[in-house]
Structures are given as structure tokens and as C-alpha cells.
Amino acid sequence: MAKKQNTKKEKRILRYLDMPLLFVTVLLFVIGLVMVFSASNVTAYMSYAVSPYNYFVKQGIFLVIGVILFFVMIRFNTKVYGMFSWLLLIGIIASLVVLLVYGQATNQAVSWFDFGPFSFQPSEFGKVIIIVWMARFYEMNQEKLDRYTVSLFPVGVAVAMAILIIIQPDLGTAIIFSVIVFFLFFSSPITKEIKAKVFLGCSAFLVILLLIITTSGKTVLLERQLSRFDYRNPCSKLLSTGSQVCNGYIAINNGGLTGVGLGNSTQKYLYLPEPYTDFIFAIIVEEMGSLFGILILLLYMFVLFRILMVGRRSYTNRGAMMCYGIAIYIFCHIAVNLLGLFGLMPLTGVPLPFMSYGGSFTICLVASLTIVQRVSIENKMRDSLKKSR
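The rules behind the values
Residues numbered from 1 in each chain as written. Predicted model: local features only at pLDDT ≥ 70, side-chain atom pairs only at ≥ 80, totals over all residues. Heavy atoms only, no water. Helix = DSSP H or I, 4+ residues; strand = E, 2+ residues; numbered from the N terminus. Expected span 1.5 Å × (residues − 1). Buried < 20%, exposed > 50% of the residue type's maximum accessible area, 1.4 Å probe, protein only. Polar contact = N/O pair within 3.5 Å; in protein donor to acceptor, adjacent residues only side chain to side chain. Contact = heavy atoms within 4.5 Å. Salt bridge = Lys/Arg side-chain N within 4 Å of Asp/Glu carboxyl O.

### Quick word on helix α7 (residues 171-187)
When the terminal C-alpha atoms of α7 are compared, their 24 Å separation across 17 residues agrees well with the 24 Å that a helix rising 1.5 Å per residue should span. Looking at α7, one finds that the buried residues are Gly 172, Thr 173, Ala 174, Ile 176, Phe 177, Ile 180, Val 181, Leu 184 and Phe 185.

### Some points on the side chain of Ser 356
When you line up the elements, Ser 356 lands in the loop between α13 (317-341) and α14 (359-388). On the accessibility criterion, Ser 356 (2% relative accessible area) is buried. Polar contacts involving the side chain of Ser 356 include one to the main-chain amide nitrogen of Leu 352, which spans 2.8 Å. Other than its neighbours up to four places away in sequence, Ser 356 contacts Val 36, Gln 59, Tyr 276, Thr 277, Asp 278, Ile 280, Pro 351 and Thr 362.

### A look at the environment of Pro 275
With respect to the element layout, Pro 275 can be found in the loop between α10 (243-255) and α11 (280-288). Pro 275 sits in the buried class, given a relative accessible area of 0%. For the pair Pro 275 and Tyr 357, spaced 82 residues apart in sequence, the C-alpha to C-alpha distance is 9.4 Å. With sequence-adjacent residues up to four places away left out, Pro 275 is seen in contact with Ala 39, Thr 43, Lys 268, Ile 280 and Ile 283.

### Observations regarding the pattern of salt bridges
One pass over the structure, following the stated rule, counts eight salt bridges. In this structure, Asp 18 and Arg 306 form a salt bridge, with 3.0 Å as the shortest nitrogen-oxygen distance. Here the residue Asp 18 occupies a position in the loop between α1 (2-14) and α2 (19-46), and Arg 306 occupies one in helix α12 (residues 290-312), the gap between them amounting to 288 residues. Each member of the pair, Asp 18 as well as Arg 306, is classed as buried. Arg 318 is the salt-bridge partner of Glu 378, the closest N and O atoms lying 3.8 Å from each other. Taken as a pair, Glu 378 in helix α14 and Arg 318 in helix α13 lie far apart in primary sequence, 60 residues in all.

Here it is, written out as C-alpha cells:
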């Protein structure tokens, strides 16, 4: 009897999902899984001497974990997410500290815990956890947000986390993390006076920091990070810093409007390092064409629009802040990845949502979209309750 009641309850909850958003996100994940296989099979076999299906299978496992996580998370109210966010936040901060002390460098950065065939990136989970934690914190302390100590406490925590991420060093993740916190702070119900003073303070700090750096001739960046700022005219530096971006251009040019056909990319034959991660969009356009690439961009815009609409309809600041934060999270990844690919900004090694291979990012993306769907459920349940009165 209890089982039947639970099943009925789950069905009732699931009918309140944002179905257009669900359909498009599932479609994007499926496209991404296919393209991970197409982009990775050559590198897997020729560079790592593993099965051509290696990354395809792993990405499939990540998506299955994501589906299980979806059905677990969707049953709980967003208040519960907030309650657990404190514990998860402490866990992530502890993980970042432990990583710096005991972690081993991968791709010249200490960002991952390696567990055999899989790895765990705490900073990626930190992006989603900080969104939920800040939304819950500002909701719980709404009556005290005229005090600087309360209003700025989450910013102080976020700054400490950003410093730990920069030290790894992972500048791309730190920038996205900081942008998320910045937008969450200014979308919170904090008084306009505090927001204005914080904005002026941050602006003054950045100006002073830039002046110190430019006048002293010193930099906080490593040599390999500085080399990324030499990103203009990449094909004139084909044998050095421009190699990856220039080969990305060649892939896009090869694709034309309709592409060379699924699986027929030439640039994935070791011209692009790990083409199934940061440069997967170049392979998508090469194989499927620019028209298909434009379709992917339109689907991204639709996803962001639906998330913002769910946030706008939320009855709570908590739900609205979560949705806005997640929209910024996804948008930053899309913008930073594609701007780097097109040579409009330095490469930062940021994955492309739904398309790039990666366990931590895939699971975090599913978790963040589940949060949005849970906000949608709470909105619609509230609407239906109002109608029944």
C-alpha cells in the first residue's frame, strides 16, 4: 500500500516538471554522448591504446549516475537542498584544502582526485553548491540583510574558495565561480546601499590591483597562463601557442554548412589534443556542419530562457536565486568555451555544457538542472493550490 502511494506521489510530482526544458536537455545530452564517441574514438585508440568506446562508455556511466541523482533529488523540496548545502560546502572547502596538500598535478594543475579510471573535481561541485548555499543563506537571514557582517559573509566564504581554486592553479574555474557569486550577490534581497558600496569597493580594488601589476612589471600569473593571452592570429603561431585554436578553425572550415559526415572528422586525428573535451564544438561543426552548430546554439538559448522563466515564476527568493545562479553557471561555460574556441579570448580549459566529456561537470550539470525542475514543481504545485481554493 505504501509503495502504491509513493508511486502515485512520484507520478504527481513528475507531471509538474517543465517538459519543454526536460525534452531539450535530454536531446542535448544524447547529442553530446554521440559526439563524445565520434570525437574520442581515434584519440582513445591511437594515444592511449584503449578501446575506441572508452570515453563513450564512461560518459554513458556518468549520465546513468546523473539520471539516478535526478530521481533522488527531485523528490526533495528546495529547502532540503539548502539544509544539506552547509554540510556539502564544508566538505568541498575541506576537499580543496586536502587537494592542495596531497593532490597530484594533472595537466599542470592540482584540480582532481584520481580514483583509478575516474576522477573527482571538487571545484566543479563547488559552483553548484555555492549557488544553493547562498540562496538558502540569504533566505534564512532576510531580516538581517541590512547588516554588513551578515550580507558579506557568503562573499567572504566564496573569496576563500576562489583563492583555493586559483592556487591549484585553475584560473578558468575561478573566474566562472567568481562571476556566479557576483551575480548571486546582486540578485539577492540585500539593501541597495550595501550593493552599491560593495560594487564601488570591488571596482576600486580591481583598479588598484591592475595599477600595481602594470607599474611593478610583475604578475600573479604563471608563464603558461600568460602565454594564453597571446591568442590573436593563432594560425600565425601554428607551431606554438596558436596550434589548438588554428586547428579548431580548420575543423570549422572543413565542415562548411552541412559537414563532412558523422565520424568523418580529420582534425580529431591527433591535430586537436583531447577533441572530446574543450574543442568538441569544432568537431561537431566539422562533422555536422555550421547549420547544426547554429541549432545547438539555439537550443542553448532555449534552455537558458526556460531556466530564467522558472526562476521568474518562483514564489520564493530561494527558488529564484537558484535558477538565476544556474543560468549564469551554464551561460558562463558556453561563453568561455566558445569564445576561446573562436580565438576571442584566451583558452581556459572550460567544458562545453551537454557536449564535452567529463564526469564531475556532467553530474553537476544534471544536479543543477534537477534543482531548476524542482523549483518548477514547487511553482506549479503552488499554482494548482491557489486555483483549488
